[in-house]
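What follows is the residue order along each chain.
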Amino acid sequence: MEISNNSFLDPTTVTLVGIPGLEHLQFWIGFPFCVLCIVALMGNVLLLTIIPTERSLHQPMYIFLAGLAATDLGLCAAIAPKMLAIFWFGACTMAFDACLIQLFFIHALQGMESGILLAMAFDRYVAICDPLRHSAILTPTIMSRMILVVAVRAVVLVGLLPILIRRLHFFHTTIIAHSYCEHMAVVKLLAGNVRINRSFGLFVAFAILGFDMIFVLVSYTLIIWTVFHLPQKEARLKALNTCTAHIFVFLEFYVLAFFSFFSHRFGHVAPFAHILLSTIYLLVPPALNPIVYGVKTKQIRVRVARIFTQKDNSLKLINTSNH
């Protein structure tokens, strides 16, 4: 319902622009993003198929990796369908409640992914710095509690964001200059005092991403300190090799996350550049994570090769029987 001062009272729908300034290219931009989503879907489904069925992968690192794959699938499901509908079909309208649900899932899953990366860093710290107690410290009970804490923290903190948005009823506009419902993009629609929304958004970001990043850095500082005090060069190289995939994923996630976060609040980055980078931040890690861990993990490589070899053999048998 529109009122006389050109503001909106409790709008039922909002309009997502996509990528402001690049509307004429959005149709083509959608294709590489679609490829990223397909790669992410295939890679993470493979991980979630292989890890439970391969006994040698029933270790803390790979159980956490399965959790990472599940959150990556959730992120793709939360962002990709609507974004591609905007790019390809011009389906820009979205129910406001659906927008808040998308906001919740995107940011909650980001928080869970950050927490899982911290759990993986802790696993590497214990495996390298206190290897004799690794199995005693990271028991199935402890791991399940860690995953539960990560999930509850993200759900509770992020769950308050849409509640705080809902307390305000007047909006300057219903047009969101973004390709998905990001928290600050939605807060900018609100008319009235949004200081609480902005401040709590900052608090959530630092309570999740900031906290996790600090302790991941502490873990890897201690790991590197321990590794370089190992007496043998071969032992040092082997220890570092077990961490390279996680270090790559950690840098990829947090560098893109903080660039997206700070450019939206404090930077003077062109809107199209910010939105492109924030979308890349959400879609590139889910696509790259299975590739990085698949390349570095022999058991995963072997199982993937076996799956595709079996498919090829089945196709040959079918063709032979037809002839």
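Conventions adopted
Residues numbered from 1 in each chain as written. Predicted model: local features only at pLDDT ≥ 70, side-chain atom pairs only at ≥ 80, totals over all residues. Heavy atoms only, no water. Helix = DSSP H or I, 4+ residues; strand = E, 2+ residues; numbered from the N terminus. Buried < 20%, exposed > 50% of the residue type's maximum accessible area, 1.4 Å probe, protein only. Contact = heavy atoms within 4.5 Å. Areas by Shrake-Rupley, 256 points an atom, 1.4 Å probe, with all protein chains shown as cover. Lys, Arg positive; Asp, Glu negative; His and termini not counted. Charge placed at Lys NZ, Arg CZ, Asp CG, Glu CD. Phe/Tyr/Trp six-rings, centres within 6.5 Å; stacked < 30°, edge-to-face > 60°. Polar contact = N/O pair within 3.5 Å; in protein donor to acceptor, adjacent residues only side chain to side chain. Expected span 1.5 Å × (residues − 1). Bend = angle between axes of the 7 residues up to and from the residue. Pairing = 2+ DSSP bridges. Axes fitted to C-alpha atoms, helices over the stretch in contact; angles between N-to-C directions. Disulfide = S-S within 2.5 Å. Left-handed = near helix turned anticlockwise from the far one by under 90°. Nonpolar A, V, L, I, M, F, W, Y, C, P; charged D, E, K, R; others polar. Patch = residues over 30% accessible without salt bridge, like charges linked within 9 Å, V, L, I, M, F, W, Y side chains within 5 Å. Salt bridge = Lys/Arg side-chain N within 4 Å of Asp/Glu carboxyl O.

Peer 1: Tell me about the overall build of the chain, and name the residues and values.
Peer 2: Helix and strand content of the chain: 11 helices and 5 strands. Considering only C-alpha atoms, the chain reaches an extent of 75 × 65 × 35 Å along its principal axes. Here the chain holds 323 residues, and the buried ones make up 47% of them. The contacts in the chain between residues at least 6 apart in sequence include a share of 80% that link residues at least 24 apart. Carbon and sulfur atoms make up 71% of the accessible area of the chain, which amounts to about 16200 Å² in all. Computed over 22 positive and 14 negative side-chain charges, the inter-centroid distance for the chain is 8 Å.

Peer 1: Any details on the packing of aromatic side chains? Residues and values, ideally.
Peer 2: Any pair of aromatic rings gets described here by the distance separating the centres and the angle formed by the planes. Taken as a whole, this structure holds 13 aromatic pairs when the rule is applied. With centroids separated by 5.4 Å and ring planes inclined at 80 degrees, the aromatic side chains of Phe 27 and Phe 31 adopt a geometry described as edge-to-face. On the criterion of helical spacing, the pair formed by Phe 27 and Phe 31 is a turn pair, its members being 4 residues apart in helix α1 (residues 26-53). Overall, the relative accessible area of 37% leaves Phe 31 in the partly exposed class. Grouped by ring-pair contacts, the aromatic residues Phe 27, Trp 28, Phe 31 and Trp 88 constitute a single cluster.

Peer 1: Tell me what's going on with the side chain of Glu 182, and back it up with residues and numbers.
Peer 2: With respect to the helices and strands, Glu 182 occurs in the loop between β5 (175-176) and α6 (183-187). For Glu 182, a relative accessible area of 9% corresponds to the buried category. Separated by 3.0 Å, the side chain of Glu 182 and the backbone nitrogen of Met 184 make a polar contact.

Peer 1: Give a detailed account of helix α7 (residues 195-227), specifying residues and quantitative values.
Peer 2: Over its 33 residues, α7 extends 46 Å from the first C-alpha to the last, a length consistent with the 48 Å expected when each residue adds 1.5 Å. Remark: the principal bend of α7, roughly 30 degrees, maps to Phe 206.

Peer 1: Please provide a residue-by-residue account of the sheet that holds strand β2 (residues 13-16), values included.
Peer 2: Read across the open sheet, the 3 strands follow the order β3-β2-β5; overall the sheet is mixed. A single partner strand is all that each edge strand has here, and the edge strands are β3 (93-95) and β5. Where β2 and β5 come together, 2 bridges link them in parallel fashion. Note on β5: the bridge partner recorded for Leu 16 is Ile 176. Along the sheet, helix α3 (residues 96-129) makes contact with β2, β3 and β5, crossing β3 at roughly 85 degrees.

Peer 1: Tell me about the side chain of Arg 124, and please be specific about residues and values.
Peer 2: For Arg 124, the position within the fold is in helix α3. According to the relative accessible area criterion, Arg 124 is buried, its value standing at 12%. Those residues in contact with Arg 124, other than ones at most four positions away along the chain, are Met 61, Tyr 220, Ile 223, Thr 242 and Cys 243.

Peer 1: Lay out the state of the cysteines in plain terms, naming residues and giving numbers.
Peer 2: Overall, the coordinates contain 1 disulfide when judged by the stated rule. A sulfur-sulfur separation of 2.0 Å characterises the disulfide bridge that pairs Cys 99 with Cys 181. Between Cys 99 and Cys 181 the disulfide shows an S-S torsion of about -120 degrees. By sign, it is left-handed. Residue Cys 99 is found in helix α3, and its partner Cys 181 is found in the loop between β5 and α6; the two are separated by 82 residues along the sequence. Distance from the sulfur of Cys 76, which forms no disulfide, to the nearest cysteine sulfur (Cys 37) is 4.9 Å.

Peer 1: For α3, give the residues involved together with the corresponding values.
Peer 2: With 34 residues, α3 should reach 50 Å at 1.5 Å per residue; the first-to-last C-alpha distance of 49 Å fits that figure. Counting buried positions over the 34 residues of α3 gives 26, a clear majority of the element.

Peer 1: Explain the packing of α3 against helix α10 (residues 271-296) to me, using residue names and the numbers behind them.
Peer 2: At a minimum axis distance of 12 Å, the contact between α3 and α10 shows a crossing angle of 35 degrees. By crossing handedness, the relation of α3 to α10 is classed as left-handed. Counted together, Ile 106, Gln 110, Glu 113 and Met 120 of α3 and Tyr 281, Leu 282, Pro 285, Asn 289 and Tyr 293 of α10 form the full contact between these two elements. Each residue belonging to the contact of α3 with α10 can be placed in one class, and the counts come to 6 nonpolar, 2 polar and 1 charged.

Peer 1: If you had to explain unusual backbone geometry to someone new, which residues and values would you point to?
Peer 2: Phi angles above zero are rare outside glycine, and Asp 10 is one such case at about 45 degrees. Locating Asp 10 in the fold gives a position in the loop between β1 (8-9) and β2.

Peer 1: Please give an account of a nonpolar patch on the surface that cites residues and values.
Peer 2: A cluster of nonpolar residues, Phe 211, Ile 214, Phe 215, Val 218 and Leu 222, forms a patch on the protein surface that exposes about 430 Å² of accessible area. Tracing the sequence through the fold places Leu 222 in helix α7. Residue class for Leu 222 comes out partly exposed when judged on its relative accessible area of 37%.

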